[in-house]
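# Observations on chain architecture
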Amino acid sequence: MSTYHNRSRIKIFSFILLFGLSICHFHIGATTLDESDPEIKAIVDPSNPEAFKTITEALSAAPNNLTLPYTIKIMAGDYYEKVEISKPFIRLVGESATTTRLYFDAYAGLKTSSGQTLGTSKSATLTINAPNFSAENLHIENTFDYPYYDGLAQDNPSRLNGLQAVAVLTNQGSDKAFFKNVNISGYQDTIYLKSGRSFFLNTTISGHIDFIFGGGTAVFYRSNIVTRFRPNQPYPIGYLTAPSTPIEQKFGLVFIDSSLKKEAGVEKNSMALGRPWHPTTSFEDGRYADPRAIGQTVFINTFMDDHIQQDPWHPMHGKSKTGEMIMFSPLEARFFEYASYGPGANPSKTRRQLASAAGFSVSNILAGWQPPIDNQLYSGHVDTRKVIDQLSGEMADFTIETEFVKNVSNYPFITPINQTSTDNLDDSVISHLNVVYKTVQGIELYLDVFSPKTIAKPVPAVVMVHGGAWRSGDKSHQVPTAKWLAEHGYVGVAVGYRLSKQALYPAGLEDINDAILWLKQHHQRYSVDPNRIAILGASSGAHMATLLGTMGTDPNSDSPYEAVNAIINIDGVADLASPQAREFEDKPNKISYAALWLGGHYAQEPRLWHQASPIEYVGRYTPPTLFINSSYDRFHIGRPAYVETLSQYGIYSEIHTIPDTPHPFWLFHPWADTTRDILLNFLNKVFAPPLSEVDKLLMPCAQACVEGEAFNGAQQ
């Protein structure tokens, strides 16, 4: 809508209020109902002479004291109305959130016929005053031209006061309000949850200043919370939430499995998660900020883009009993997170974390009300073990031998890397096999360390993660190349970890991280430079190596993962959650090994699919990265965006695609030779050559300190 058009509508609405006029109501006795849907009681369609022309008309014709849902179907179109729901069990259903729009442009500072301002509550496009309301497939919007007036200078005579403009208000009398597949958009104060319980499913809510606020109880499940562009403003440009939850009320605003996103132009580290609102309230001893409002906002398993500030909780002012302005600290509110993820999720001392989210089941939050959603949600999150049991099919063990049999007919010249003399251990390498680095749930986890026999000073190490669709494979796949690295002056470490048959994500990732931590703790024993450690993976192991490498390097976060100094990705995806990736990793009616690892298909566990995607974390602190790929495009997914991000920060990266190669090319000569040459060249660039010939001659290792010992991680 143009600025002129919007400001003209403000004047028209002012005229209507000033002279006490109301929008015309035409009561139509007959409606054309959709016989295919017997639940529909009325239809709103301006183009149909037998249907209601406005939503307000259809509501007026609805019976009072309803005890069952009364469905009003709203056909595609734009409806400029200010709608109030004063009857229970009203259900508004549009054709879609992109084609059916209810909108109005009132704002808090608008003058009424009495000369008073309208106020925040009365600016709402949709006001709900009755219980058991529901809305589906709609766009509800307050189109007041906030950006225009917000951009005017303070001394501009055209500037307005009271720019709050509500799209949806759950007013006194509202309870059990249900929103599904709805877009709700505004700028400041988009949704005012004043009262009752509300549930938002697959809903997109847009705004910037306090745009989800109030003292009601609400669950936002699998919804998108979008920060709108607000240029030329100090940080933060706004606040997602401003709860005023009464102290005796256990739950306030709870976001579960949702995503915090942003419009184009919204900058990094520019948006706050919330601030505590203590609304000015009348008491016997005066009118002042309500001390009983101890607001609650909780984010559970929520994706946070990079616009979310590292210290995202802010104070908010309120009026004291004496009339002075005082500040309310966010530490006095109930602001918590649990398992946030994404570039804006940076655990710190100022971001309080729940020890468990078990108490935040939908059943607990909504105090027994069950909106029409998946029953599993009422008691908690999806039982991933039950999901695993429902996924049928199994892969053959991923071994060098099985892959050779699979590929030799198409490539008769190949030779397995574990069957050639050049891959056997020579006298220049010391091996430490089956070292226990961790015992978990009664399972001993092992790694193999291969180091140069002659070391003058600590050298870089490469931690190596095998592939096998997160479900199969063995550390022995990496042993030949680990030996080869030791021959060329590096310490090679082949790591075993728990596969998805033993434990779901993130167990395997935690194991690999513990192997890196173990190596850093024992770096002197193996002459490893702890500040020069690379992580290498192949196939699913490459995905895991890249994920761990991107998650653990931001010095400003409290990530549980150890930092590494380089990443080598050999034919592993950098993105699991995009539609392109899921075409391969999560095909309908096909066994998905990613689902077997993550605990469910994308439709069941979207949060985990995003959480396990390296592309979600790549950024300023990501280390130099090498991609070595086969000719299969499937394994290039996420790579272009990953490398582009590194380029933006001036971080070194390389991409090598070996033509006419199958996926497990690194397991066979001659491709293994090409792979190793690329690998060594990259390592020498990012770490500098580890040993010179002079180094080798000057200081041979005292072999007595390492040879012949029985290495056991539990004893070291």
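First, a word on what this report is: a plain description of the structure on this page. (Residues numbered from 1 in each chain as written. Predicted model: local features only at pLDDT ≥ 70, side-chain atom pairs only at ≥ 80, totals over all residues. Heavy atoms only, no water.)

### Structural notes on the sheet that holds strand β9 (residues 139-142)
Filter applied, for reference: If DSSP finds at least two bridges between two strands, the strands pair. Secondary structure elements follow DSSP: runs of H or I no shorter than four residues count as helices, runs of E no shorter than two count as strands, and numbering proceeds from the N terminus.
The strand order β3-β6-β9-β12-β15-β18-β21-β26 describes an open sheet built from eight strands, whose pairing is parallel. In this open sheet, the two strands that pair with only one neighbour each are β3 (77-80) and β26 (303-304). Bridge analysis of strand β18 (residues 224-227) against strand β21 (residues 259-262) gives four bridges, and the strand direction is parallel. Bridging across to β21, Thr227 finds its partner in Lys262.

### Some details on the nonpolar core
Under the convention used in this document: To define a nonpolar core, start from buried Ala, Val, Leu, Ile, Met, Phe, Trp, Tyr and Cys residues and group those joined through side-chain atoms within 4.5 Å. Relative accessibility thresholds used throughout: buried, under 20% of the residue-type maximum; exposed, over 50%; partly exposed, between the two (1.4 Å probe, protein chains only). Whether two residues touch is decided by their heavy atoms; if any such pair falls within 4.5 Å, the residues are in contact.
Leu447 and Ile535 are the most contacted members of the largest nonpolar core, which has 57 residues in total. Per-element accounting of this core gives the leading share, six residues, to helix α9 (residues 507-521). Not counting residues up to four positions away in its chain, the partners in contact with Leu447 are His432, Leu433, Asn434, Val435, Tyr437, Lys475, Val493, Ala494, Val495, Ala515 and Trp518. Within the second largest apolar cluster, 52 residues are counted, among which are Leu59, Ala135, Leu260 and Met304.

### What about unusual backbone geometry?
Residue Pro236 is bonded to the preceding Tyr235 through a cis peptide linkage, with omega at -5°. With respect to the helices and strands, the residue Pro236 is situated in the loop between β18 and β19 (239-243). Here the bond from His669 into Pro670 is cis, since omega is 10°, no more than 30 degrees from zero. Tracing the chain through its elements places Pro670 in the loop between β39 (668-669) and α15 (671-687). You will see that Asn434, though not glycine, has its phi angle at about 55°, which is positive. In this model, Ala469 sits at a positive phi of 60°, which is unusual for a non-glycine residue. Topologically, Ala469 is positioned in the loop between β33 (459-465) and α8 (479-487).

### Structural notes on helix α7 (residues 400-407)
Which entries qualify depends on this criterion: Here the arc refers to the directions that run from the helix axis out to each C-beta atom.
Those residues of α7 lying buried are Ile400, Glu403 and Asn407. Down the axis of α7, the smallest arc covering the buried residues is 70°, so these residues share one side. Residues of α7 that are buried sit in contact with β30 (415-416) and β39.

### Re the sheet that holds strand β20 (residues 253-256)
Put simply, the rule reads: Angles run from 0 to 180 degrees between N-to-C directions of axes, and those axes are lines fitted to C-alpha atoms, restricted for helices to the stretch in contact.
Pairing in this open sheet of 10 strands is parallel, and the strands run β1-β2-β5-β8-β11-β14-β17-β20-β25-β29 from one edge to the other. Each edge of the sheet is formed by a strand with only one pairing partner; in this case those strands are β1 (40-44) and β29 (334-338). In this sheet, neighbouring strand axes are inclined to one another by 10° on average, regardless of whether the strands run parallel or antiparallel. Examined bridge by bridge, strand β2 (residues 70-74) and strand β5 (residues 90-94) share five bridges and lie parallel to one another. Bridge pairing links Ile74 to Gly94 in β5.

### Structural notes on helix α14 (residues 639-648)
Where α14 is concerned, the buried positions are Arg639, Tyr642, Val643, Thr645 and Leu646. Each buried residue of α14 sits inside an arc of 155° when the element is viewed along its axis, so together they form one side. Exposed side of α14, more than 90 degrees from the buried face: Pro640 and Gln648 are the residues found there.

### Quick look at the pattern of salt bridges
What counts, and what does not: Any carboxyl oxygen of Asp or Glu within 4 Å of a side-chain nitrogen of Lys or Arg constitutes a salt bridge here.
The tally for this structure, following the rule as stated, stands at 23 salt bridges. A salt bridge links Arg101 to Asp78; its shortest N-O distance comes to 3.2 Å. A residue pair is termed long-range when its members are at least 10 positions apart, and Arg101 in strand β6 (residues 100-104) and Asp78 in strand β3 qualify at 23 residues. Owing to a relative accessible area of 51%, Asp78 belongs among the exposed residues under this scheme.

### Comments concerning the packing of aromatic side chains
In this description, an aromatic ring pair is defined by two values, namely the gap between the centres and the angle between the planes. Cut-off, in case you're wondering: Aromatic rings from Phe, Tyr and Trp, with only the six-membered ring used for Trp, were paired whenever their centres fell within 6.5 Å, and each pair was classed as stacked if the ring planes differed by under 30 degrees, edge-to-face if by over 60, and tilted otherwise. When the NZ atom of lysine or the CZ atom of arginine is within 6 Å of a ring's centre and also within 35 degrees of its normal, the charge is said to sit over that ring.
Within this structure, the stated rule accounts for 32 aromatic pairs. With 5.2 Å between their ring centres and 85° between their planes, Phe627 and Tyr642 make a pair best called edge-to-face. Of the two residues, Phe627 is situated in strand β37 (residues 625-629) and Tyr642 in helix α14; the sequence distance between them amounts to 15 residues. Given a relative accessible area of 1%, Phe627 falls into the buried group. When its relative accessible area of 0% is taken as the criterion, Tyr642 is described as buried. Each member of the aromatic cluster is reached from another via a ring pair, and the members are Phe133, Phe179, Phe200, Phe220, Phe255, Phe299, Trp313 and Phe335. One residue, Arg101, lies across the ring of Tyr103, its end atom 3.9 Å from the ring centre. Above the ring of Tyr239, the side-chain terminus of Arg275 is found at 4.0 Å from the ring centroid.

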